[in-house]
Structures are given as C-alpha cells and as structure tokens.
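# Descriptive analysis of the structure
Residue-level listing of the chains:
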Amino acid sequence: MSLRGWATALRDALHNTTRGSLMSLASMLSVAVTLLVLAVVVLLALNLENVAATAESQVEIKGYLCTARREEVKCNQRDLTEAETKAILDRIRSMPYVQQVTFLSRHEALEQMKQADPSQAALLAGYEGDENPLSDEIYVKVTDVEQVAAVAEQIQAMSGVARVDYGKEIVADLLAFTNAVRIGGLGLVVLLLFATVLTLSNTIRLSVYARRREVSIMKLVGATDWYIRRPFVLEGMLLGAVGAALAGGVTTWGYIRLAPAIQESLPFLPLVQPELILTDLVLALLGLGAVLGAVASYFSLRRFLKV
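Values in this document were obtained by computation on a predicted structure and should not be read as measured data.

So, on to unusual backbone geometry. Not every positive phi belongs to a glycine, and Y97 is a case in point at roughly 75°. The topology assignment puts Y97 in the loop between α3 (82-93) and β2 (98-104).

In structure tokens form, the structure reads like this:
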C-alpha cells in the first residue's frame, strides 16, 4: 500500500469531512459528549480507588510486648530484655507481607502522653521509671491489607508478645468497601466504554448511510473494498480524535479547577492530583477516539459494499 494512496485517502477524508460539515459536527459532538462522560467516570473511579488505597495503607497491627505488669498468661513476670525485644522485631521484619515495623517503648509512650496533654504532665511524672504502667508497643504495616489477619496471628503466637490489635471488624468492613469500590468502578467504566462504542458506531453509520449512493457507484465501477474503506476509516479516525480532544480539553479544564476546590473543602479526602493523571487520560482518550472511529467506520461500510 503506497504512501501516495494514503495521501489520496486522507485528502478524500478531509474533503468528505468539510463537505458534510453539519453531519461531521454532529459526529464530533456526539463523540465528545460520550467520551466526556467516560472521562468523568474514569476520574471518579480512579479517585475512589485512591481513597480505598489510602484507607488500606493506614491499616496497621498494634502489638503489646510483655512487661512485669502484663496479666496475660503467656507473659513472665518480668520485662523483656533489650536483646529479646530486638529478636522479636527482627522476626517480625523477616515475615512475609511485612512492610514496616515501628517500635515505641513505654517510656516514649509516656512522654507522648505528657506532650499530648500538658495539663496532666505533673500527674504523669509520678509514673516515670519502674512505675510506668504502659507496655512497649510495636506497629506493623503490611504490603497487602488482606494479609493483616494472618500476620497478626503469627505475631500473637510469638513468645514475648502479650497481645495484638488490628481492628478486626473495621478491617473486614474496609475490605468489603474497597472491593465494592473497585468492582463497581471497573464495571461502570466497562459499561460506559460499551456505550461509547455503540454511540460512535451509530453516529458514523449515519454518516456512511448519507453517502451510500456514492459507495455503491464506486463499487460498481470496480473500486476495491479497501480503496473505498480507506477514506471512511481515516474520516472516522479524524472525527473520533477531534471529539476526543474536545472531551479531553473540557475534562482537563474542569478537573484542574474542581480538584483544588474539593481538596480545600474536604481536606481529608485524598484526591488524585491533576498532574499525575490528566496527561495520560487525555492521550488515552485521543487513542480511544481514533481507534473506535476507525473500527466503527470499517464495520459500518460492510452492508453497503455488498453490491
């Protein structure tokens, strides 16, 4: 297939686009609106996924080490030595799925309580040294939130660990929520993508139908199917790409202005920053619009080539 042939097809595609300006405009706007809805749904799904991932990253296991004041049966009536504590921390760090382990001594915990409530600092001063009723604590983060329960059970079984707490019911609810968000978001995107294909196909089919006599005449005089298809495929790509560019422009403009306002009003909501997503989203829309336009044009011509 020669470059000259493609240049001729592109010229014919541009000519057909400008000749049927009203139909072309309707096609581009239809593509733009459909892809705009798809882009909004994708942004919503990505932000919900980010919220879910952020919530999962905050899940941690809190463990209490044995001290002389712990009443658990598995604890000896003495504090763990520094070597025993280090051995426990090293064992936890070597466990699968463990991402981070933080140690907080009971003395540091007491100091944090004093700083958190200065009015009680004088009262808490009486619990310094051996009178400190708190326990050494460990905070464990895992790479996969679904492994929290398994990791917590392994830590609980260790000698020197009095008990662990990870909010079992809260984690279960969180997993149910995040799974629902991911499945729902993916399902919504797939449905919108299917609707986009149907809308674009029907729009281009109308454009092809308006020029069915032209296609029939070209077929009767001996033009090959691919010779007839090329201008229509390129025209579909142009319409799809221009419509996608419009959708991408509106999406970018809207998200850049809305995201900071939402973040200011709801600072606890972790939104995806515009610079991290918009470029890839616009490029994806352009590619999707061009590909769908080409495919829709290709298959829309089938019935009119049967002469």
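This part takes up the layout of surface pockets. Empty space within the largest pocket amounts to approximately 300 Å³. Around the largest pocket, the lining comprises 16 residues; the ones closest to its centre are L43, N47, Y255, L258 and I262. Listed by contribution, the elements that provide at least two residues to the lining of the largest pocket are α2 (21-57) and α9 (225-265). Split by residue class, the lining of the largest pocket holds 13 nonpolar, three polar and no charged.

So, about the pairing of strand β1 (residues 61-65). The element β1 is extensively covered by neighbouring structure, given that four of its five residues are classed as buried. Across four bridges, β1 lies against strand β4 (residues 161-165) in antiparallel orientation. Note that in β4 the partner of G63 across the bridge is V164.

Counting residues in each nonpolar core, the largest one holds 28 residues, and the members touching the most others are I61, I92 and I155. Counting residues per element, the ones that place at least two in this core are β1, α3, β2, β3 (137-142), α6 (148-156), β4 and α7 (168-210). Element by element, the count of residues in this core is highest for α6, at four residues. Ignoring anything within four residues of it in the chain, the contact list for I92 reads V98, V101, I138, V140, I155 and M158.

Conventions adopted
- Residues numbered from 1 in each chain as written.
- Predicted model: local features only at pLDDT ≥ 70, side-chain atom pairs only at ≥ 80, totals over all residues.
- Heavy atoms only, no water.
- Helix = DSSP H or I, 4+ residues; strand = E, 2+ residues; numbered from the N terminus.
- 1 Å grid on protein atoms, 1.4 Å probe; cavity = no way out; pocket = protein on both sides within 12 Å on 5 of 7 lines; lining within 4 Å.
- Points joined across faces, edges and corners; volume = space filled by probe spheres on them.
- Nonpolar A, V, L, I, M, F, W, Y, C, P; charged D, E, K, R; others polar.
- Buried < 20%, exposed > 50% of the residue type's maximum accessible area, 1.4 Å probe, protein only.
- Pairing = 2+ DSSP bridges.
- Core = buried A, V, L, I, M, F, W, Y, C linked by side-chain atoms within 4.5 Å.
- Contact = heavy atoms within 4.5 Å.

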